[in-house]
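# Secondary and tertiary structure notes
Spelled out, the chains give:
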Amino acid sequence: MATNIIEVNGLCKQYDAKNKNLLFSKNINPDAVFAGNSEGYVLKDVNLAISEGEFHIFLGASGCGKSTLLNIIAGFLKPTIGEVRCEGVPITKPGPERGVVFQNADSAIFPWLNVYKNVEYGLRMQHKSKAERRAIVEEALELVGLSDHAKKHPAELSGGMKQRVQIARSIASDPKILIMDEPFGALDAQTRRTLQDEFIRIWKKTKKTILFVTHDLQEAVYLGQKISIFSASPDAKIITQIEVPFDYPRLPGSSEVAEFERGVHAKLEEAINVHKDSGVDKSA
Ligand SMILES: Nc1ncnc2c1ncn2[C@@H]1O[C@H](COP(=O)(O)OP(=O)(O)OP(=O)(O)O)[C@@H](O)[C@H]1O
Ligand SMILES: [Mg+2]
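First, a word on what this report is: a plain description of the structure on this page.

On to the nonpolar core. Ile73, Val119, Ala140, Ala168, Ile179 and Leu211 are the most contacted members of the largest nonpolar core, which has 73 residues in total. Ignoring any residue separated from it by four or fewer positions in sequence, one finds Ile73 in contact with Ile6, Val84, Ile91, Ile179 and Leu211.

Written as C-alpha cells, this is what we have:
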C-alpha cells in the first residue's frame, strides 16, 4: 500500500502585509521579515496527505494561498502554525528530495548557459563526476525531447522548450517530489497540450510524486489523480478532495470527462463561496 510522502497538519500561514514585496529579495531572511503581524491568516487549518507517486492537483481562486502552500512544502517559507512533513520528517528548508518547477522558465533558467549546462548545473553543485553528469543530463534531455537542442542558449528556445529545460533540470537531480506552480500557465494552448502529454509520460516513467497548481480546470482533470480544492482567502483551507476516476490517456472531449469537469466546476464554485468555518467535505 502507498504511504504518505507529504503530510500537512493544521497548517496556518500569516504574512506581514507591510513586507509583501520582499518575499524573494536577496539577503533577507523571510522568517525574520514575515513574522505575521497582519490581522488575518491566508491559510488556516490546512490538512493534507499525499501518497508516494500520486499526481496531486491544487485548484482554487486566485489569491487563496496555493503558491503559499507550495512554497511552504518546498521549504522556502515556514508555517505560522502547524507542521509539514516529508517522509515523516518536518520540513524546515528546501531539500534535494523536493524539486521545484516555476511558472516562468525565464526567471528559473540561466540565460548565459546552454541547455546542456543548465540541466547539468545542479549536478555540478552535487559534485558528481563528469561521466556521471553526462549520463544523467543526456537521459533527462532525452526524456523531455531536447537531445537535439543541447547546445542552444535559452534566447534561441521557444517558451515550451524553456519549460522543458526547467523540467529536465529538476528531474536530473532526481527528486522524489516535483512541486510545480502553474508550470504550463504561460504557454499557448497547443504547446500546453503537448507538454501535458509529455509530462504524463515522464511522470509514469519516473514515478515521481507531483504537486501541481493550475487555474485550468480542464488541465486539472486531464492530468491529476486527485484534486484538492481550496476555499477562498482569508482563512483558506482545503475544503474538498476529488478523485479523478479516469485511466490515462484521458479523452478530453468525451462526454464522461465533460460531465466530470462540470462536477468539479460546481465543487470549485461551492468552495469559493463556502462559509470559512465549515468542515472538509470528502463526499465527492
Ligand atoms: N509575501 C507576502 N506578504 C504578504 N502577503 C502575501 C505575500 N505573498 C502572498 N501574499 C498574500 O497571500 C495570499 C495568497 O497568495 P498566493 O500567492 O499564495 O495565492 P495563489 O492562490 O497562489 O494565487 P494565484 O492563483 O493568483 O497565483 C494573497 O492574498 C496574497 O496577497
Ligand atoms: Mg500562485
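This is not the end of the story, as more comes after the structure.
With that settled, the discussion passes to the environment of Ile50. Summarising the element assignment, Ile50 is placed in strand β2 (residues 43-51). The class of Ile50 is buried, set by 22 C-beta atoms lying within 10 Å. Expressed as a C-alpha distance, the spacing of Ile50 and Asn4, which sit 46 residues apart in the sequence, is 5.3 Å. Every residue in contact with Ile50, bar those within four places of it in the chain, is listed here: Asn4, Ile5, Ile6, His56, Thr209 and Leu211.

Residue Pro234 is bonded to the preceding Ser233 through a cis peptide linkage, with omega at -5°. Note that Pro234 resides in the loop between β9 (226-230) and β10 (238-243). For Glu87, which is not a glycine, the phi torsion comes out positive at approximately 50°. Phi angles above zero are rare outside glycine, and Glu182 is one such case at about 50°. Tracing the backbone through its elements, the reader meets Glu182 in the loop between β7 (177-181) and α7 (189-206).

To continue, consider the sheet that holds β10. Here six strands make up an open sheet; going across it, the order is β6-β7-β8-β3-β9-β10 and the pairing mixed. The outermost strands of the open sheet, each flanked by one partner alone, are β6 (98-101) and β10. When the angles between neighbouring strand axes are averaged without regard to direction, this sheet yields 20°. Across four bridges, the pairing between strand β3 (residues 55-59) and strand β8 (residues 209-213) is parallel. Residue pairing across strands places Ile57 opposite Phe212, the latter belonging to β8. The sheet strands contacting helix α6 (residues 159-172) are β6 and β7, and the helix crosses β6 at an angle near 175°.

Moving on: the packing of helix α4 (residues 115-125) against helix α5 (residues 130-143). Two elements in contact, α4 and α5, have axes whose closest approach is 10 Å; the angle formed by their N-to-C orientations is 130°. One way to sum up the angle between α4 and α5 is to call them oblique. Here the hand of the crossing between α4 and α5 comes out right-handed. Along the contact surface, α4 presents Tyr116, Val119, Glu120, Leu123 and Arg124, while α5 presents Arg133, Ile136, Val137, Ala140 and Leu141. Looking at the contact of α4 with α5 residue by residue, the classes come out as seven nonpolar, no polar and three charged.

Of all five residues that make up β3, five are buried, and the element is covered over most of its length. Burial of the side chains of β3 extends over both faces: Phe55, Ile57 and Leu59 are buried on one face and His56 and Phe58 on the other. Relative to β9, β3 runs parallel, the two being bridged by four bridges. In the strand pairing of β9, His56 is matched with Lys226.

Inspection of the secondary structure assignment puts Asn4 in strand β1 (residues 4-13). Residue Asn4 is classed as partly exposed on the basis of its 17 C-beta neighbours within 10 Å. The sequence separation of Asn4 and Gly88 amounts to 84 residues, and the corresponding C-alpha distance is 8.4 Å.

Conventions we followed
- Residues numbered from 1 in each chain as written.
- Chains lettered and ligands numbered in written order.
- Predicted model: local features only at pLDDT ≥ 70, side-chain atom pairs only at ≥ 80, totals over all residues.
- Core = buried A, V, L, I, M, F, W, Y, C linked by C-beta atoms within 7 Å.
- Buried ≥ 20, exposed ≤ 12 C-beta atoms within 10 Å, placed from the backbone.
- Contact = placed C-beta atoms within 7 Å.
- Helix = DSSP H or I, 4+ residues; strand = E, 2+ residues; numbered from the N terminus.
- Pairing = 2+ DSSP bridges.
- Axes fitted to C-alpha atoms, helices over the stretch in contact; angles between N-to-C directions.
- Parallel < 35°, antiparallel > 145°, perpendicular 65-115°, else oblique.
- Left-handed = near helix turned anticlockwise from the far one by under 90°.
- Nonpolar A, V, L, I, M, F, W, Y, C, P; charged D, E, K, R; others polar.

Scope: geometric values only; no functional claims are made or implied.
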